[in-house]
Amino acid sequence: MSYQVNEKGYYGNFGGAFIPEMLFPNVDELRENYLSIIQEENFQNELNDLLRDYVGRPSPLYYAKRLSAHYKTNIYLKREDLNHTGAHKINNTLGQILLAKRLGKTRIIAETGAGQHGVATATVCALMGLKCIVFMGEVDIKRQAPNVARMKLLGAEVIPATSGSKTLKDATNEAIRDWINNPLDTYYIIGSVVGPHPYPDMVARFQSVISEEMKKQLLEKIGNENPNVVIACVGGGSNAAGAFYHYLDNLNVRLIAVEAAGKGIDSGHSAATSVLGKPGIIHGSKTLLMQTEDGQITEPYSISAGLDYPGVGPIHAHLFETGRAEFASATDDEALKAAFLLCELEGIIPALESAHALAHLEKLNAKEQEVVVINLSGRGDKDLETYIKSQKG
Ligand SMILES: *Cc1c(COP(=O)(O)O)cnc(C)c1O
């Protein structure tokens, strides 16, 4: 059983490239070149230098002593929250912009929902001196004003998507339309392990630095590169794909993906895609996706904007179907509780997304000698308002 993409762009029954014919040249160019470019020595050197000096990698693997005592086990936090721009997303945008440069592209486009991927893209465009256009739903622009301000400060143009529900899905449609109209000079940076092949594989490779470092760090700290369990939250699934990547073929390591159950899985207000989803096509790939009986995509809901996506990347659909990863979920309230606990016990304010992974510790019942790694995908500065509103007393 392989958990990696095959040469046709599939993970088992999921993946592929379901795109309009007018996009074939753009996607073909990428598919034919991405592997040879990212394996070049000078590409690797430039990427690794920037990951070290610009992003601040390796991100620490921190033994959370008081949290471990609380749950009577050994908990390590992979500190992606300490990266430049505050989350794992920069690992991917940096990799893709170097690829865009090698392909001779001069204009970068991206879609964003909450604005985190837009900020990470605007950041690397400023770094490389490339023009940056970010498509964002009109509703999201209103909800996420600080990230819109950040993108503009970094020199990006933010274009509102005014069709449909005026959110992420519509922003993605606008980005695809733009790419069709500008095939020669434009590169589209996608923000998670979603989209047509080769995006899911490419993004997973750029995020795989997370588990590559984990192995070295665990070997140094506990004399064994394998933990018992790795836990990560899943929106589209890029931080989870990165945290799982180098453990996929080691069946002794339990992999747990935590989705957002919102107000409860059966409440009609959730984003627990693997449990609620059925096979379908979204943004160019076949995957599990929340939809009505006649195939209309259901609006997802989560308190955390980064998990509020109606699908998961095809790699996760495959990990779900094969049972290689366990899929769990945490509600808004469970995530909030876990975030407050981390603040109190460790002095770390996590992103609301990451708090979903932390919430799973309540259900894990890990043994005393076990080693559990949680991927702390981002920091919570952006979620302060939600935290303040939710605090009791
Ligand atoms: C965007 C984001 C996520 C969700 O995206 P994935 O692709 O599932 O990783 C999770 N955590 C943080 C902090 C984010 O910004």
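Residues numbered from 1 in each chain as written. Predicted model: local features only at pLDDT ≥ 70, side-chain atom pairs only at ≥ 80, totals over all residues. Heavy atoms only, no water.

1. Focus on helix α15 (residues 352–359)
Okay, so step 1: Along α15, eight of the eight residues are buried, which leaves the element largely enclosed by surrounding structure.
Okay, so step 2: Residues of α15 that are buried: Leu352, Glu353, Ser354, Ala355, His356, Ala357, Leu358 and Ala359. (Buried < 20%, exposed > 50% of the residue type's maximum accessible area, 1.4 Å probe, protein only. Helix = DSSP H or I, 4+ residues; strand = E, 2+ residues; numbered from the N terminus.)

2. Digging into the sheet that holds strand β7 (residues 157–161)
Okay, so step 1: Read across the open sheet, the four strands follow the order β7-β6-β5-β8; overall the sheet is parallel. Looking at the sheet topology across the chains shown, the edges are occupied by β7 and β8 (186–189). Ignoring strand direction, the axes of neighbouring strands in this sheet form an average angle of 25 degrees. (Pairing = 2+ DSSP bridges. Axes fitted to C-alpha atoms, helices over the stretch in contact; angles between N-to-C directions.)

3. A closer look at the sheet that holds strand β14 (residues 371–376)
Okay, so step 1: The mixed open sheet is built from six strands, whose spatial order is β3-β4-β14-β9-β10-β13. Looking at the sheet topology across the chains shown, the edges are occupied by β3 (61–63) and β13 (325–331). Pairwise comparison of adjacent strand axes, ignoring direction, gives a mean angle of 25 degrees for this sheet.
Okay, so step 2: Pairing between strand β9 (residues 229–233) and strand β10 (residues 254–262): five bridges, direction parallel. Within β10, the residue paired with Val229 across the bridge is Arg254.

4. A look at the site of the ligand
Okay, so step 1: Around the ligand sit 17 residues in total, of which Lys89, Ser192, Gly235, Gly237 and Ser238 are the nearest.
Okay, so step 2: A distance of 2.7 Å is found between an oxygen atom of the ligand and a backbone nitrogen or oxygen belonging to Gly237.
Okay, so step 3: Contacts to the ligand include Asn239, whose side-chain N or O atom sits 2.8 Å from an oxygen atom.
Okay, so step 4: Broken down by class, the residue content of the shell around the ligand amounts to four nonpolar, 11 polar and two charged. (Near = heavy atom within 4 Å. Polar contact = N/O pair within 3.5 Å; in protein donor to acceptor, adjacent residues only side chain to side chain. Nonpolar A, V, L, I, M, F, W, Y, C, P; charged D, E, K, R; others polar.)

5. A word on the environment of Val209
Okay, so step 1: Position of Val209 among the secondary structure elements: in helix α10 (residues 209–222).
Okay, so step 2: On the accessibility criterion, Val209 (12% relative accessible area) is buried.
Okay, so step 3: For the pair Val209 and Asn48, spaced 161 residues apart in sequence, the C-alpha separation works out to 9.8 Å.

6. A look at the packing of aromatic side chains
Okay, so step 1: For the structure on display, the rule yields seven aromatic pairs.
Okay, so step 2: Among the aromatic residues, those joined into a ring-pair cluster are Trp179, Tyr188 and Tyr199.
Okay, so step 3: Here Lys263 stacks its cationic end above the ring of Tyr301, 4.9 Å away from the centre of that ring. (Phe/Tyr/Trp six-rings, centres within 6.5 Å; stacked < 30°, edge-to-face > 60°. Lys NZ or Arg CZ within 6 Å of the ring centre and 35° of its normal.)

7. A short note on the nonpolar core
Okay, so step 1: Residues Leu99, Tyr187 and Phe244 are the most contacted members of the largest nonpolar core, which totals 86 residues.
Okay, so step 2: Examining the composition of this core, we find that six residues originate from one element, helix α4 (residues 89–102), more than from any other.
Okay, so step 3: Once you skip the residues sitting within four places of it in the chain, Tyr187 turns out to touch Leu30, Gln96, Leu99, Ala100, Leu103, Lys105, Arg107, Ile108, Ile109, Trp179, Tyr199 and Met202.
Okay, so step 4: Within the second largest apolar cluster, 29 residues are counted, among which are Leu67, Tyr71, Leu341 and Leu364. (Core = buried A, V, L, I, M, F, W, Y, C linked by side-chain atoms within 4.5 Å. Contact = heavy atoms within 4.5 Å.)

8. Here's the deal with the packing of helix α2 (residues 41–55) against α4
Okay, so step 1: One way to put it is that α2 packs onto α4 with a least axis distance of 11 Å and a crossing angle of 145 degrees. For α2 against α4, the interelement crossing comes out right-handed. Along its contact with α2, which presents Asn42, Phe43, Glu46, Leu47, Leu50, Leu51 and Val55, the element α4 presents Ile90, Asn91, Leu94, Gly95, Leu98, Leu99, Lys101 and Arg102. (Left-handed = near helix turned anticlockwise from the far one by under 90°.)

9. Some thoughts on the pairing of strand β11 (residues 278–282)
Okay, so step 1: Judged from the five bridges that link them, β11 and strand β12 (residues 285–289) form a sheet pairing that is antiparallel. Its bridge partner lying in β12, Ile282 is registered against Ser285.

10. Brief notes about the state of the cysteines
A disulfide bridge is the covalent bond that connects two cysteines by way of their sulfur atoms.
Okay, so step 1: Applying the stated rule across the entire model yields zero disulfides.
Okay, so step 2: Here Cys132 is not disulfide-linked; the sulfur of Cys125 is the nearest cysteine sulfur, at 3.7 Å.
Okay, so step 3: Cys343 takes part in no disulfide bond, and the closest cysteine sulfur to it belongs to Cys233, at a distance of 16 Å.
Okay, so step 4: Accessibility expressed as a relative area gives 27% for Cys343, which makes it partly exposed. (Disulfide = S-S within 2.5 Å.)

11. Observations regarding the environment of Asn91
Okay, so step 1: Topologically, Asn91 is positioned in helix α4.
Okay, so step 2: Its relative accessible area of 1% is what places Asn91 among the buried residues.
Okay, so step 3: As for Asn91 and Gln207, which are separated by 116 residues in sequence, their C-alpha atoms are 6.0 Å apart.
Okay, so step 4: Dropping the residues within four chain positions of it, Asn91 is found in contact with Leu51, Val55, Arg57, Glu80, Asn83, Phe206, Gln207, Val209 and Ile210.
Okay, so step 5: In terms of polar contacts, Asn91 uses its side chain to reach the side chain of Glu80, at 3.2 Å.
Okay, so step 6: Looking at Asn91, its side chain comes within polar contact range of the side chain of Gln207, at 2.9 Å.

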